Amino acid sequence: MIYIEIFDKIILYTERFISRGRLLATLTTAKPPLHFEQYFSNCLLNFKIKQSDQYDNLAGYTANMNLRKTILLFASLILFLTLLIGYFYFASSLKHAVHLEQDKANKYISSLSITLPSHISAFQQDAKLLADHDLIREAFLNNNQKALITANTTLDYFKKNLDADVCYLMDLNGNTIASSNRNSTENFVGKNYSFRPYFKEAIQGNPYVYLALGATSKERGIYCSQPVYGKNREILQGVAVIKTSIQFLQIESSDIKNNIIALSNPDGLVFSSNRQDLLYKLLWKPAAGVLESLRENQQFGPGPWSWIGMAQEDEDHAIDAEKNRYFIHLERVEKLPGWDLIFFHNTQSISNDIYNPLFKSSSVIILSTLTLFGALIILLYLRSIHDLHKKEAAENALIESEQRFRSLSEASFEGIVIHDNGSILETNQLFAAMFGYDRPELTNRNLLELSAPESRDEVRKRIASRPESPYELVGLRKDGSTFMAEINGKTIPYKGQPQRVVAIRDITEQKQAAIEREGLITKLQKALEEINTLRGVLPICASCKKIRDDGGYWNQIESYIKNHTEAEFTHGICPDCVKKLYPDFTQNNGDKKNH
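Notes on the structure in this doc start here. Since this is a predicted model, take the numbers as computed values, not measurements.

### Observations concerning the side chain of N346
Of note, N346 is situated in strand β11 (residues 340–346). Leave out the neighbours within four places in its chain, and N346 touches N258, N259, N324, R325 and Y326.

Quick look at the structure:
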């Protein structure tokens, strides 16, 4: 009997609990009335749509001004065509002249860049023939007066036939032992030139080409050195040198007005030029240490090596100290690493040759056209004043309307955003706060960046189709957290263009409440199912009162009820069981009562 009473109480309380849960579920799933926030957002969207009328008024005033603009545009077109024809005539003439001059300069500088390496190659071959000559070798091997006389005769022969400036021999210490200029005031014999790079390279067994100002002759030249070996080319004996003039380039004799031709070393020092005032001067502003290096190697005399004020504007143009602008034609010298042949082409002289006669012939036409155009502008300006005032009034009204819209959007209970195909144009403060941004950070940001990855396909589809039905998505905040949002949008005119205005509402709490509600319902249904199981036929042992479960196992009744309900048990002993289990205890108590 006690077990049946326990079952009945459990069933009674559980049915009451489930009934209340169903009532709660019915109340929470009922469709709520329209919220004030949603009503306010709808009013805000409708207000934005009404602004289209103001845009229409503004468009009407603009149309009147457009007619005058059309007339002005037509007159401007005539003026433009006139000026364009003149410009193209001048430009084509200038371009043609520049092309001819540049082509001439390119051909000239290319010719020089071919001539110089070819002559250097020939000088190197001549120097090698001199160094390999048996009589020259004998002068180093025998080192006597007879051998030196024979060597000097050989040097005279080479100088005369090669039209060289001087041919000479140096021993291993750099002392000149024989020279073709031994009988002149500039005699090299006995002079030491071990400081010269052409000697240092040749003494190492390397032929060398060196352009420099002569330390003794004070004349510029090209030095070609070759090592002189003994028999079988085994032991280095000395150095043979041929010095030739650079006059074969004919740079200094060229007649090119207003332009500059220069042969410069790696530091930009002019070694040869059609402008004598530029010799031994630096084309470009010297880098740190350049002047000290020139002073130490004595390649170009004692100096000074001043900068002429030339500066590069870009790769193809330079400007000098007098602000003359040049087009640069540059060719690297093949046999002289770092040396350049440069043609500075004066651009102003070409323009002047074309511009001066053209301006004289077209000045009257240009002045008449400008006068007529000016009169037309004044007339159209006077006619446009009235329409301009009306347009300003319409613009002010539109600005005031935009300010009212901003005020209403800031007072909204939902986030408001205006976008152009997903690119954010404007938001209210609540929208920015909802996503964790400052308002300026959201301008021009794409809406897809504010959507969680699982919602981006839906957002992209909605942006393209522009529906006006609400939908839900997962929003992505700046800190990476997400929330559920409800979206409602409309197409509106915004600054004269159809754009989308969207209201967004955070429905995370509603979604969470719905999840909790579903969980409660599931829990109650499960409890009901378990109670229903207890209401059925329970196999119970007639002797030990154990209950058999669905798996065929026999369980104590307390364990079974505890596993299938939320009931808890406490244990005690009824009077009948006391008499049965403890008869002595019961008899003693009875005797005490009788006494």
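### With respect to the environment of L236
As for its position among the elements, L236 is in strand β5 (residues 236–244). Classification of L236 by relative accessible area gives buried; the value is 18%. Linking L236 and L172, residues 64 residues apart in sequence, is a C-alpha distance of 8.3 Å. Here L236 is in contact with L172, A202, I203, P227, V228 and Y229, once residues within four sequence places are set aside.

### Comments concerning the side chain of T154
Among the secondary structure elements, T154 is positioned in helix α4 (residues 145–162). A relative accessible area of 7% places T154 in the buried class. If near-sequence neighbours (up to four positions away) are discounted, T154 is found in contact with L130, H133, L135 and I136.

### Points about the environment of I78
Note that I78 resides in helix α2 (residues 36–132). Measuring from C-alpha to C-alpha, the distance between I78 and T369 comes to 9.4 Å, with 291 residues separating the pair along the chain.

### Section: the pattern of salt bridges
One pass over the full model with this rule turns up 16 salt bridges. The salt bridge involving K107 is made with D103; its shortest N-O contact spans 3.3 Å. Separated by four residues within a single helix, K107 and D103 lie in helix α2, roughly one turn from each other. Overall, the relative accessible area of 57% leaves K107 in the exposed class. Since its relative accessible area comes to 30%, D103 is described here as partly exposed. Between E458 and R462 there is a salt bridge, with its nearest N and O atoms 2.8 Å apart. Taken together, the residues E458 and R462, both in helix α10 (residues 456–465) and four residues apart, mark about one turn of the helix. Through salt bridges with shared partners, a single network forms among E414, E486 and R505.

### A look at empty space enclosed by the protein
One pass over the structure, following the stated rule, counts three cavities of 30 Å³ or more. Put simply, the largest cavity is a space of about 270 Å³. What lines the largest cavity is a set of 22 residues, among which L447, V459, Y471, I487 and V502 lie closest to the centre. Within the residue set of the lining of the largest cavity, elements represented by two or more residues are β12 (415–420), α8 (429–435), α10, β14 (471–476), β15 (482–494) and β16 (497–506). For the lining of the largest cavity, the class distribution of residues is 13 nonpolar, six polar and three charged.

### Looking at the sheet that holds strand β6 (residues 260–264)
Strand order in the open sheet formed by six strands is β7-β6-β11-β10-β9-β8, with antiparallel pairing between adjacent strands. The open sheet has two free edges, formed respectively by β7 (270–273) and β8 (311–312), since each of these has just one partner strand. As paired strands, strand β10 (residues 325–332) and β11 are joined by seven bridges and run antiparallel to one another. Counterpart to H329 in the pairing with β11 is F343.

### Points about the pairing of β12
Counting buried positions along β12 yields five of six residues, so the element is predominantly enclosed. Across five bridges, the pairing between β12 and β16 is antiparallel. Among the inter-strand pairings, I416 is bridged to a residue of β16, identified as A503. In the sheet, β12 pairs with strand β13 (residues 423–427) via four bridges, with the strands oriented antiparallel. Looking across to β13, one finds that D420 is bridged to S423. The turn linking β12 back onto β13 is made up of two residues, and N421 within it adopts a positive phi angle of 55°.

Cut-offs and rules
Residues numbered from 1 in each chain as written. Predicted model: local features only at pLDDT ≥ 70, side-chain atom pairs only at ≥ 80, totals over all residues. Heavy atoms only, no water. Helix = DSSP H or I, 4+ residues; strand = E, 2+ residues; numbered from the N terminus. Contact = heavy atoms within 4.5 Å. Buried < 20%, exposed > 50% of the residue type's maximum accessible area, 1.4 Å probe, protein only. Salt bridge = Lys/Arg side-chain N within 4 Å of Asp/Glu carboxyl O. 1 Å grid on protein atoms, 1.4 Å probe; cavity = no way out; pocket = protein on both sides within 12 Å on 5 of 7 lines; lining within 4 Å. Points joined across faces, edges and corners; volume = space filled by probe spheres on them. Nonpolar A, V, L, I, M, F, W, Y, C, P; charged D, E, K, R; others polar. Pairing = 2+ DSSP bridges.

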